[in-house]
Amino acid sequence: MTSPLIEQLQTRHGYPLLDADSYDHFVYGAGTVVLFFCNDPLHFPESNDVAVILPELVKAFNGRLQAAIIAKPIERELQARFRFTGWPSLVFLRNGEYLGAITGIKDWQEYRQETVRILAATPDEPPGFDLDKVCGAVR
């Protein structure tokens, strides 16, 4: 399931929808990329908010980012690779290597600040899952 706002990312802004066949070509050939993991906007309505914010974020960084949407069939596999725990998420890569992620909806200033921090980062492994954070610590 998609939404008109997410569809506009493709039709109006020209962001590709990456599937298993196109993913590698895009992330290893586009320099610094931001991948939009929206899941099902019916279950995660904040994805529509991020669909509005993403083009503004790309514009604010003056061509330093190439954006794409991740197709639903490969979202879970990539979620496990990048180890983010919520939807929607923006995952940043440079030449296919992990830089960081922004999960959930934030205010505009937080998006800008986090993106500056992420773009200045050295590629590294995604953070490990902290099961206490994800599931709640048992005391």
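All values derive from a computational prediction rather than experimental measurement. (Residues numbered from 1 in each chain as written. Predicted model: local features only at pLDDT ≥ 70, side-chain atom pairs only at ≥ 80, totals over all residues. Heavy atoms only, no water.)

1. Quick word on the packing of aromatic side chains
Per the counting criterion, the structure on display carries five aromatic pairs. Between Phe-37 and Trp-87 the ring centres are 6.5 Å apart and the planes differ by 50 degrees, which places this aromatic pair in the tilted class. On the criterion of sequence distance, the pair formed by Phe-37 in strand 2 (residues 32–37) and Trp-87 in the loop between helix 4 (72–82) and strand 4 (89–94) is long-range, its members being 50 residues apart. Judged on exposure class, the residue Phe-37 and its partner Trp-87 are both buried. The interplanar angle of 85 degrees and the centroid separation of 5.2 Å between the aromatic rings of Phe-84 and Trp-87 together place this pair among those described as edge-to-face. Cluster of aromatic residues (ring-pair linked, three or more members): Phe-37, Phe-44, Phe-84 and Trp-87. (Phe/Tyr/Trp six-rings, centres within 6.5 Å; stacked < 30°, edge-to-face > 60°. Helix = DSSP H or I, 4+ residues; strand = E, 2+ residues; numbered from the N terminus. Buried < 20%, exposed > 50% of the residue type's maximum accessible area, 1.4 Å probe, protein only.)

2. Details of the nonpolar core
Counting 23 residues, the largest nonpolar core has Val-34, Phe-36, Leu-54, Leu-90 and Phe-92 as the members making the most contacts within it. Elements represented by at least two residues in this core include exactly helix 1 (4–11), strand 2, helix 3 (46–60), strand 3 (66–70), strand 4, strand 5 (97–103) and helix 5 (108–120). Sort the elements by how many residues they give to this core and helix 3 lands first, with six residues. Ignoring any residue separated from it by four or fewer positions in sequence, one finds Val-34 in contact with Leu-54, Val-58, Leu-65, Gln-66, Ala-67, Ala-68, Leu-90, Val-91 and Phe-92. (Core = buried A, V, L, I, M, F, W, Y, C linked by side-chain atoms within 4.5 Å. Contact = heavy atoms within 4.5 Å.)

3. Observations concerning the sheet that holds strand 1 (residues 17–18)
Ordered in space as 1-3-2-4-5, the five strands form an open sheet in which the pairing is mixed. Edge positions in the open sheet fall to strand 1 and strand 5, since each of these has one partner strand only. The pairing of strand 4 with strand 5 spans six bridges and is antiparallel. What sits directly across from Leu-93, in strand 5, is Tyr-98. Helix 1 contacts strand 1, strand 2 and strand 3 of the sheet and is inclined by roughly 135 degrees relative to strand 3. Lying over the sheet, helix 3 contacts strand 2, strand 3 and strand 4, oriented at roughly 165 degrees with respect to strand 2. (Pairing = 2+ DSSP bridges. Axes fitted to C-alpha atoms, helices over the stretch in contact; angles between N-to-C directions.)

4. Digging into the packing of helix 3 against helix 5
Relative to each other, helix 3 and helix 5 sit at 50 degrees, their axes nearing to 11 Å. Between helix 3 and helix 5, the crossing angle belongs to the class labelled oblique. The crossing of helix 3 and helix 5 is right-handed. Judged by residue contacts, Val-50, Ile-53, Glu-56, Leu-57 and Ala-60 of helix 3 engage Trp-108, Tyr-111, Arg-112 and Thr-115 from helix 5. Residues that form the contact of helix 3 with helix 5 fall into these classes: six nonpolar, one polar and two charged. (Parallel < 35°, antiparallel > 145°, perpendicular 65-115°, else oblique. Left-handed = near helix turned anticlockwise from the far one by under 90°. Nonpolar A, V, L, I, M, F, W, Y, C, P; charged D, E, K, R; others polar.)

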